[in-house]
Amino acid sequence: MRVLSECQGRGICATCYIFIKEGNEQLSPPSRRELRNLQVISSRTSSSRLACQSRVLGNGVIVELPSGMYLNAVDDIEALIGRRAQEDILHPLRGNILVETGKLITRSMISQLEVTQGEIINHLANSQVV
């Protein structure tokens, strides 16, 4: 399973967010930074964690990825213009749906994703590593 990590494991984006299905007690506890960043994810649950911040301490951890996909570059969506989304395309910081499954991907999606990229850049620039 491949999990994105736009912030290179610093715990300041939400692209690596996962659900812990079993074995939460076998993970390191969430840090304040992780908890703060999980708050912006619209689809989070009590079992949500950031993969980059969850150190596995023992056996029995089972994770599930959120349904949908993240696109980490505008070029990725340009290749999909004129096609229908095979699965939900998710916002990389908040986890909300940018393009629903089955919807036609149009050129106007590019401007929406350019705004999203700007949000990511600002978020990373304003986040300090502790």
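Everything that follows concerns the structure shown earlier in this document.
Residues numbered from 1 in each chain as written. Predicted model: local features only at pLDDT ≥ 70, side-chain atom pairs only at ≥ 80, totals over all residues. Heavy atoms only, no water.

1. Regarding the overall build of the chain
And step 1. Within the chain one finds 3 helices and 6 strands.
And step 2. Counted from the first residue to the last, the chain has its helices and strands arranged as β-α-β-β-β-α-β-β-α.
And step 3. Buried positions account for 37% of the 130 residues belonging to the chain.
And step 4. Taking as baseline every contact in the chain between residues at least 6 positions apart, the subset at least 24 positions apart corresponds to 63%.
And step 5. Accessible surface, the chain: about 7700 Å² in total, of which carbon and sulfur atoms supply 48%. (Helix = DSSP H or I, 4+ residues; strand = E, 2+ residues; numbered from the N terminus. Buried < 20%, exposed > 50% of the residue type's maximum accessible area, 1.4 Å probe, protein only. Contact = heavy atoms within 4.5 Å. Areas by Shrake-Rupley, 256 points an atom, 1.4 Å probe, with all protein chains shown as cover.)

2. A closer look at the sheet that holds strand 2 (residues 48–50)
And step 1. The 3 strands are arranged 2-1-3 in an open sheet whose pairing can be described as antiparallel. Of all the strands in the sheet, the pair left with one neighbour each is strand 2 and strand 3 (62–64). Within this sheet the neighbouring strands show an average axis-to-axis angle of 50°, counted without direction.
And step 2. Here strand 1 (residues 17–22) pairs with strand 3 via 3 bridges, running antiparallel. What sits directly across from glutamate 22, in strand 3, is isoleucine 62. (Pairing = 2+ DSSP bridges. Axes fitted to C-alpha atoms, helices over the stretch in contact; angles between N-to-C directions.)

3. A word on the pattern of salt bridges
And step 1. One pass over the structure, following the stated rule, counts 2 salt bridges.
And step 2. For arginine 49, the salt bridge identified is with glutamate 34, shortest N-O distance 2.6 Å. In this pair, arginine 49 is assigned in strand 2 and glutamate 34 in helix 1 (residues 32–38), connecting sequence segments 15 residues apart.
And step 3. Given the relative accessible area of 1%, glutamate 34 is considered buried. (Salt bridge = Lys/Arg side-chain N within 4 Å of Asp/Glu carboxyl O.)

4. Examining the nonpolar core
And step 1. Of all hydrophobic cores here, the largest spans 7 residues; its members are Ala14, Cys16, Tyr17, Phe19, Leu38, Ile41 and Leu50.
And step 2. Core analysis: the second largest hydrophobic core is formed by 6 residues, Ala85, Ile89, Leu98 and Met109 among them. (Core = buried A, V, L, I, M, F, W, Y, C linked by side-chain atoms within 4.5 Å.)

5. Brief notes about the pairing of strand 1
And step 1. The pairing of strand 1 with strand 2 spans 3 bridges and is classified as antiparallel. Bridge pairing in strand 2 links tyrosine 17 to leucine 50.

6. A look at the packing of aromatic side chains
And step 1. Applying the stated criterion to the full structure yields 1 aromatic pair.
And step 2. When the centroid spacing of 5.4 Å and the interplanar angle of 75° are considered together, the rings of tyrosine 17 and phenylalanine 19 count as edge-to-face.
And step 3. In this structure tyrosine 17 comes out as buried when scored by relative accessible area, which is 1%. (Phe/Tyr/Trp six-rings, centres within 6.5 Å; stacked < 30°, edge-to-face > 60°.)

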